[in-house]
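# Examining the three-dimensional arrangement
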Amino acid sequence: MNPAWSVVFFTVLAGCGQGLAVALALAVLAGAIAPATPFLLWGLALAMLLLVGGLASSFLHLGHPLRGWRAAAMWRTSWLSREVIVLPAFIGVLAAWWLAVWRGAPVPALDWALPLAAIGGAALLWLCTAMIYACIRFIQEWAHPLTVANYVLIGLSSGLVLAAALAFARGEARLASALGAPALLVTLVAGIVRMASFRRNAGLKPRSTLQSATGIRARRLVQMTMGLSGGSFNTREFFHGLAEAAVRRVRLAALALGFGLPLALGAWALLTGTGTAWLAAVLVQAVGLLAERWVFFAQARHPQNLYYQRVG
């Protein structure tokens, strides 16, 4: 597939916002953060900013952005429509939580009800986003439970790393250390699961053949030219145009920057108390996860490419 940068940025930004919201909610429920504290206000504001930024970037992929509201019409059968509904609702939950913290949460039950609602909303949004791709059965690279697991784990990893960096920036060194250990654990698990999905995808064999793609049943069939000699929607949207070696290099960069270096920087921060390492981890991981999400789309082999042959 040819990755759309608007969708790449949307999934990375929204996933990080979800992960940050879940990290804050779990910290509040565990008693690591007071239900009403300036740090929580800053964290929730940043989570909403990431989600709104991701939503704004997704509009760049629409041919007619003013008609984007119609995407919610097919919610009974479309995971994309469900995502379009759940995302604003989730932002609304975070906004209500922010207002409750700002006003001092006059209803004590909100101190635990809103964090639980934030966790549930993030989980539902991860499911909707991941299932947009996991439900497409003819793209084998996506049609697997690892797709859902990767979206959840990578979002949690980036959110926890960001939460630790935010705690350090706000002068909460003890909280940064408390968030650091789970951030490293989740990042390690996310990296292992992502490598497992890469290994699985590398061993996949296309279910379609040149015979089934063209409808020609000859035992030996050799295609000498592309199915279409000029550029078209099919040749632009379903293949990125790069050699496999280039995709492998981006994949290695994604693993190193998205998981390896953040783990090393986070471990250094915990061992030495150097909080700036968390800030560096956020920046490095952001680049790595953009590369990871690009590979996620680029590695998907659409069966139509058997007919619209790659050039070169």
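What this report covers is the structure whose coordinates are included nearby. Residue positions are given per chain, counting from 1 as you read along its sequence in written order. Per-residue local features of the predicted model are confined to residues with pLDDT of at least 70, and side-chain atom pairs are confined, for both listing and counting, to 80 or more; whole-chain, interface and lining totals are unaffected and use all residues. Side-chain descriptors were evaluated using all non-hydrogen atoms of the structure, hydrogens and water having been removed beforehand.

### A closer look at a nonpolar patch on the surface
Rule in force here: Each patch is built from residues that are more than 30% exposed by relative accessible area and take part in no salt bridge. Like charges join if they lie within 9 Å; nonpolar side chains (Val, Leu, Ile, Met, Phe, Trp, Tyr) join within 5 Å. Note on areas: these come from Shrake-Rupley sampling with a 1.4 Å probe, and a residue is covered only by the protein chains present in the view. The rule for a salt bridge is simple: a side-chain nitrogen of Lys or Arg has to be within 4 Å of a carboxyl oxygen of Asp or Glu. Under the DSSP-based scheme used, a helix requires at least four consecutive residues in state H or I and a strand at least two consecutive residues in state E, with every element numbered from the N terminus.
Side chains of Leu26, Leu29, Trp112 and Leu116 sit close together on the surface and give an oily, nonpolar patch of about 400 Å² of accessible area. Of all the elements in the fold, those that place two or more residues in the nonpolar patch are helix H1 (5-30) and helix H4 (110-134). For Leu116, the location among the structural elements is in helix H4.

### Considering the packing of H4 against helix H5 (residues 145-169)
As a reminder, the rule being used: In this description, a line fitted to the C-alpha atoms serves as the axis of each element, helices being fitted only across the stretch in contact, and the angle between N-to-C directions of two axes falls anywhere from 0 to 180 degrees. Working rule for angles: under 35 degrees goes down as roughly parallel, over 145 as roughly antiparallel, 65 to 115 as roughly perpendicular, anything else as oblique. Crossing handedness is read from the near helix: turned anticlockwise from the far helix by less than a right angle, it gives a left-handed crossing, and turned clockwise, a right-handed one. In what follows, residue pairs with any heavy atoms lying within 4.5 Å of each other are defined as contacts. In this classification, Asp, Glu, Lys and Arg are treated as charged, Ala, Val, Leu, Ile, Met, Phe, Trp, Tyr, Cys and Pro as nonpolar, and every other residue, Gly included, as polar.
Direction vectors running N to C along H4 and H5 enclose 140 degrees, while the axes themselves pass 8 Å from each other. Taken together, the axes of H4 and H5 are oblique relative to one another. In the crossing of H4 with H5, the sense of the turn from one axis to the other is right-handed. Taken together, the residues of H5 that come into contact with H4 (itself represented by Trp126, Leu127, Thr129, Ala130, Met131, Tyr133 and Ala134) are Thr147, Val148, Tyr151, Val152, Gly155 and Leu156. Of the residues belonging to the contact of H4 with H5, the class tally is 10 nonpolar, three polar and no charged.

### With respect to the environment of Gly92
Counted only if it meets this: Type-normalised accessible area, obtained with a 1.4 Å probe on protein chains alone, sets the label of each residue: buried when under 20%, exposed when over 50%, and partly exposed for intermediate values.
As for its position among the elements, Gly92 is in helix H3 (residues 79-103). The exposure class of Gly92 is partly exposed, given its relative accessible area of 36%. C-alpha of Gly92 to C-alpha of Ala291: the two residues are 199 residues apart in sequence and 30 Å apart in space.

### Things to note about the pattern of salt bridges
Pairs can form between side chains of opposite charge whenever their charged atoms are close. Per the counting criterion, the structure on display carries three salt bridges. Between Glu141 and Arg301 there is a salt bridge; the shortest N-O distance is 2.7 Å. One end of the pair, Glu141, is in the loop between H4 and H5; the other, Arg301, is in the segment after helix H10 (276-298), with 160 residues separating them in the sequence. The exposure class of Glu141 is buried, given its relative accessible area of 6%.

### Some thoughts on the packing of aromatic side chains
Operational definition: When two rings of Phe, Tyr or Trp (its six-membered ring) have centres within 6.5 Å they constitute a pair, described as stacked for plane angles under 30 degrees, edge-to-face for angles over 60, and tilted for the intermediate range. Whether a charge lies above a ring is judged from NZ of Lys or CZ of Arg, which has to be within 6 Å of the ring centre and within 35 degrees of the ring normal.
According to the stated counting rule, one finds 10 aromatic pairs in the structure shown. Between Tyr133 and Phe297, the aromatic rings sit 5.3 Å apart at their centres with planes inclined by 80 degrees, giving edge-to-face as the arrangement. A residue pair is termed long-range when its members are at least 10 positions apart, and Tyr133 in helix H4 and Phe297 in helix H10 qualify at 164 residues. Phe297 carries the same exposure label as Tyr133, and that label is buried. Every member of this aromatic cluster is reached through a ring pair, and the members are Tyr133, Trp142, Tyr151, Phe296 and Phe297. Here the basic side chain of Arg251 rests over the ring of Phe198, its NZ or CZ set 5.7 Å away from the ring centre. For the cation-ring pair, Arg293 lies above Tyr151, with the distance from its terminal atom to the ring centre recorded as 4.4 Å.

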